Amino acid sequence: MAIMATMDASDPRARLAALIDAQGVSYAALSRMLRRNEAYLQQYVRRGTPRDLAERDRALLAAYFRVDATELGGVAAPRMAPIRRLDVEASAGPGAFSGDAPGEGAMLLDPRLLESLRLSAKDAAMLRARGDSMLPTIADGDQIVIDERDTRLGTVPAIFVLRLDGVVLVKRVSKARDGMLIESDNPAYPPITTTAAAIIGRVVWLSRALR
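Residues numbered from 1 in each chain as written. Predicted model: local features only at pLDDT ≥ 70, side-chain atom pairs only at ≥ 80, totals over all residues. Heavy atoms only, no water.

### A few points about the packing of aromatic side chains
Then, number 1: Taken as a whole, this structure holds one aromatic pair when the rule is applied.
Then, number 2: With centroids separated by 4.9 Å and ring planes inclined at 90°, the aromatic side chains of Tyr 64 and Phe 65 adopt a geometry described as edge-to-face.
Then, number 3: Of the residues examined, Phe 65 reaches a relative accessible area of 7% and is grouped as buried.
Then, number 4: Taking NZ or CZ as reference, Arg 36 lies 4.7 Å from the ring centre of Tyr 40, over its face.
Then, number 5: Directly above the aromatic system of Tyr 189 lies the positively charged group of Lys 171, at a separation of 5.5 Å from the ring centroid. (Phe/Tyr/Trp six-rings, centres within 6.5 Å; stacked < 30°, edge-to-face > 60°. Buried < 20%, exposed > 50% of the residue type's maximum accessible area, 1.4 Å probe, protein only. Lys NZ or Arg CZ within 6 Å of the ring centre and 35° of its normal.)

### Here's the deal with the side chain of Asp 11
Then, number 1: Counting through the fold element by element, Asp 11 comes out in the loop between α1 (2–5) and α2 (12–23).
Then, number 2: The buried category is assigned to Asp 11, whose relative accessible area is 18%.
Then, number 3: Of the polar contacts made by the side chain of Asp 11, one reaches the backbone nitrogen of Arg 13; its length is 2.8 Å. (Helix = DSSP H or I, 4+ residues; strand = E, 2+ residues; numbered from the N terminus. Polar contact = N/O pair within 3.5 Å; in protein donor to acceptor, adjacent residues only side chain to side chain.)

### What to know about the confidence of the model for the chain
Then, number 1: Overall, the prediction assigns the chain a mean pLDDT of 87, with 88% of residues at 70 or greater.
Then, number 2: When pLDDT is averaged over each helix and strand of the chain, the minimum, 40, is found for α1 and the maximum, 96, for strand β8 (residues 179–183).
Then, number 3: Low pLDDT, under 50, characterises residues 99–103; the stretch is placed with four contacts to residues that sit more than four places away or in other chains. (pLDDT = per-residue confidence, 0-100. Contact = heavy atoms within 4.5 Å.)

The following block contains the structure:
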């Protein structure tokens, strides 16, 4: 109780002291659980040393007391950003027909990821790749994120999602003398030159399930 009297109730040290007091467990026992010396938590609460708990220690204590780690000084997880999910599959193979009006849903991404990609949620879309024509870069089942603002082609090939003859494709695309050159990373698939394709967006990120 004396410990609590000298601390702000919002201080994570005060919160930890209150939890320990309520549970009737000893500081030394909890410190041993963390594989620290027996004085570790008592020094943290009473002397402020260390100034902050290590992330691992905080997580273990939060799990032990069944509280959110933010109560012990952890940083709240960022609110996830919703981006559009296109219910079509971008073919990395022979071709997947998109249909006239593909459905859309929502996917959630960490806003820090979008920030690192310099991409806003309103300009992003996610869809699944199918086939093997883009191996080893993109595999069957990969979830890919595209930047719908980026549709300009250059002379250096880049990976885009595009629509050609009613088929949604994910390919490496560049400018060509007679339109655009569409290439696969898998050498078993021949390149295509066309003027009829429409660029949907540039692939900026992918996620892969490990089997």
